[in-house]
Amino acid sequence: EKITDLSATPNPNIIIVVWESLTKKAIDTSKNGIIITPGFNQLKKEGIYFSDIYASGDRTDKGIVAVLSGYPAQPTTSIIKIPQKADKLPKLPKLFAARGYHTSYHYGGELEFANMKAYLMGCGFDQYVSKDDFESKDQNSKWGAHDGIVKERLIKDLSVKPTPFFATWLTLSSHEPYETPVSNVITGKDDESMFLNSIHYSDSCVYAFVQQCRQQPFWKNTILIIVADHGHRLPRTKNKIDDFKIPVLMLGGALTRQGIEINNTGSQTDIAATLLAQTGFTSNPFPWSKNLLNNSRNHWAYFSFNNGFGFVQPERYFIYDNIGKTMIEKKGNITASDIRNGEAIQQESFADYLNK
């Protein structure tokens, strides 16, 4: 089935929930008999679920740039650390602001987290809500305010915000040390149990947030996107690629379709172009981002990590170590041309970063 249009609303509200460490390994699975993401599992039956998506990198600063600027991660550095380069990137909030959208960024921690402040300020959000905007009693996490607290503030702000709006929420409760403000549901003091328990807590907050949004008048004209900032090493599997697999889900009253799964291979960098295509933009200023619904295009994903990269295509992938000049993992029939293509993307994206 060919799907190109998901929305009939010309200027829908946009909410992007960037969920800390939401690995695909946590979806549709359980630990000690406890389902890890019951909320997300339910929501993906009600929205448009992209089931073959990969994080661009392995850190939050790389994930935010991948989502909001459609820009790939660098293997040994991060563009966010050089503000004059990051400043030159196209940014979704700016594009929507130029269309008359009200824009906001909510995060329970410090805006300086992972060197992101200059980049976020460069996004030109109308409103920034961070740690200091919460009462000291609500700064109940190592990093600031837990997801349940931030969710309530976000709902309150959105309910009075003029429409259309473009809102971004970066969650934090599933960042190490994986603490939650409620009793552990997945017990166990090992890293994996603690991590999955924190994902379970964030899941309850994100699910409640979506239900609260559904009660708001703005919902019928809204596209809400849930995406991870990056995957996670836990729970451990035998394959490195699993650490980069992330879920992407679109929900909202502005969508004309629901309850469908799209298995086109893609990257979190592709959210930007996909979103623009659904909201009436005729040009795509994100050269590294491709429309996940464009059925005529070759679908692929590229990701990088410290001194290596991965290149994924339907039914096959390989992961390459730049230091040892060797392939460290692969699946399917990998041709010399696949390797050339992967290396070319790494070289072109790094050259682009250097030239910024």
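None of these values were measured; they are calculated from a predicted model.

A. Highlighting the nonpolar core. Ranked by internal contacts, the top residues of the largest apolar core, which has 100 residues, are Ile16, Tyr119, Phe166, Phe209, Leu224 and Ile226. Ranked by the residues each element gives to this core, the list is headed by helix H7 (residues 191–214), at eight residues. Leave out the neighbours within four places in its chain, and Tyr119 touches Ile64, Val65, Leu68, Ser69, Ile80, Ala86, Leu89 and Lys91. Judged by nonpolar contacts, the second largest core, of nine residues, contains Tyr54, Phe244, Ala301 and Phe303.

B. Layout of the pattern of salt bridges. The full count for this structure, using the stated rule, is 15 salt bridges. For Arg214, the salt bridge identified is with Glu46, shortest N-O distance 2.8 Å. One end of the pair, Arg214, is in helix H7; the other, Glu46, is in the loop between helix H1 (38–43) and strand S4 (48–54), and 168 residues separate them in sequence. A salt bridge links Asp191 to Arg233; the nearest nitrogen and oxygen atoms lie 3.5 Å apart. Of this pair, Asp191 sits in helix H7 while Arg233 sits in the loop between strand S8 (222–228) and strand S9 (245–251), and the two are 42 residues apart along the sequence. The class for Asp191 is partly exposed, based on a relative accessible area of 43%.

C. How the structure looks around the side chain of Thr103. Summarising the element assignment, Thr103 is placed in strand S5 (residues 102–107). Discounting chain neighbours no more than four positions away, the residues touching Thr103 are Pro93, Ala97, Gly124, Phe125, Asp126, Gln127 and Phe166.

D. Region of interest: the packing of aromatic side chains. Within the structure shown, the criterion is met by 21 aromatic pairs. Between Phe40 and Tyr49, the aromatic rings sit 6.1 Å apart at their centres with planes inclined by 75 degrees, giving edge-to-face as the arrangement. Here the two residues Phe40 and Tyr49 agree in accessibility, since each one is buried. With centroids separated by 4.9 Å and ring planes inclined at 70 degrees, the aromatic side chains of Phe96 and Tyr101 adopt a geometry described as edge-to-face. For Phe96, a relative accessible area of 0% gives the class buried. Here the aromatic cluster, defined as three or more aromatic residues joined through ring pairs, consists of Trp300, Tyr302, Phe309, Phe311, Phe318 and Tyr320.

E. Quick peek at the pairing of S4. Counted residue by residue, S4 has seven buried out of seven residues, so it is predominantly covered. Pairing between S4 and strand S11 (residues 266–267): two bridges, direction parallel. Residue pairing across strands places Ile53 opposite Gly266, the latter belonging to S11.

Basis of the calculations
- Residues numbered from 1 in each chain as written.
- Predicted model: local features only at pLDDT ≥ 70, side-chain atom pairs only at ≥ 80, totals over all residues.
- Heavy atoms only, no water.
- Core = buried A, V, L, I, M, F, W, Y, C linked by side-chain atoms within 4.5 Å.
- Buried < 20%, exposed > 50% of the residue type's maximum accessible area, 1.4 Å probe, protein only.
- Helix = DSSP H or I, 4+ residues; strand = E, 2+ residues; numbered from the N terminus.
- Contact = heavy atoms within 4.5 Å.
- Salt bridge = Lys/Arg side-chain N within 4 Å of Asp/Glu carboxyl O.
- Phe/Tyr/Trp six-rings, centres within 6.5 Å; stacked < 30°, edge-to-face > 60°.
- Pairing = 2+ DSSP bridges.

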